[in-house]
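Structural features, examined
This is what each chain is made of:
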Amino acid sequence: CSPLGAPDCVAVPKVRLPMHVSILLKDGQQRSTSLHAKVIAPDDVDVYGCFYGSTDEVPEFDPARTVVALPSEGAVTWAELD
C-alpha cells in the first residue's frame, strides 16, 4: 500500500471536516476521487480496502450514527438529513 499525500516540496492545505469520513474502496485499482479527501483532511478521513471480498480491516459501524453516501438522482443533501 502506498502512502497518500503530496511531495515534501508541495504545500497542501489542511482542512477539518464537520464529520468523520470512512472511505471503503472495493476495486483493486483504487480508482476513486474520494482519496483526495484523505490528502486535504487527513485527521478526519480513513481509507479501507475491501479487495477480493476481504473486509478484515474495516471496523464495525454504529447503524444509528452512520450514513452511507452514494451519488444518485434521488439523493438528499446533508442539510436534509435529520
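Preceding this section is the structure that the text describes.
For clarity, every value in this text was computed on a predicted model and none was experimentally measured.

A look at the overall build of the protein
Summing up its helical and strand segments, the protein has one helix and two strands in all. The secondary structure elements of the protein, listed N-terminal to C-terminal, are β-α-β. Burial analysis of the protein (82 residues in total) assigns 12% to the buried set. Considering only contacts in the protein between residues 6 or more positions apart, those separated by 24 or more positions represent 60%. A total accessible area of about 7100 Å² is found for the protein, and carbon and sulfur atoms account for 55% of it.

What about the side chain of aspartate 44?
Here aspartate 44 shows up in the loop between α1 (35–40) and β2 (45–49). Residues within four places of aspartate 44 in sequence aside, it is in contact with Val15, Arg16, Leu17, Met19, His20 and Val21.

Let's talk about the pattern of salt bridges
Taken as a whole, this structure holds one salt bridge when the rule is applied. Arginine 16 is paired through a salt bridge with aspartate 44; the nearest N and O atoms lie 2.7 Å apart. With arginine 16 in the segment before β1 (21–25) and aspartate 44 in the loop between α1 and β2, the pair connects residues that are 28 residues apart, well separated along the chain.

Points about the environment of threonine 66
Residue position: threonine 66 is located in the segment after β2. For the pair threonine 66 and serine 22, spaced 44 residues apart in sequence, the C-alpha separation works out to 10.0 Å.

Observations concerning a nonpolar patch on the surface
Residues Met19, Val67, Val76, Trp78 and Leu81 make up a contiguous nonpolar surface patch of roughly 470 Å² in combined accessible area. Following the sequence through the fold, valine 76 ends up in the segment after β2.

Definitions and limits used
Residues numbered from 1 in each chain as written. Predicted model: local features only at pLDDT ≥ 70, side-chain atom pairs only at ≥ 80, totals over all residues. Heavy atoms only, no water. Helix = DSSP H or I, 4+ residues; strand = E, 2+ residues; numbered from the N terminus. Buried < 20%, exposed > 50% of the residue type's maximum accessible area, 1.4 Å probe, protein only. Contact = heavy atoms within 4.5 Å. Areas by Shrake-Rupley, 256 points an atom, 1.4 Å probe, with all protein chains shown as cover. Salt bridge = Lys/Arg side-chain N within 4 Å of Asp/Glu carboxyl O. Patch = residues over 30% accessible without salt bridge, like charges linked within 9 Å, V, L, I, M, F, W, Y side chains within 5 Å.

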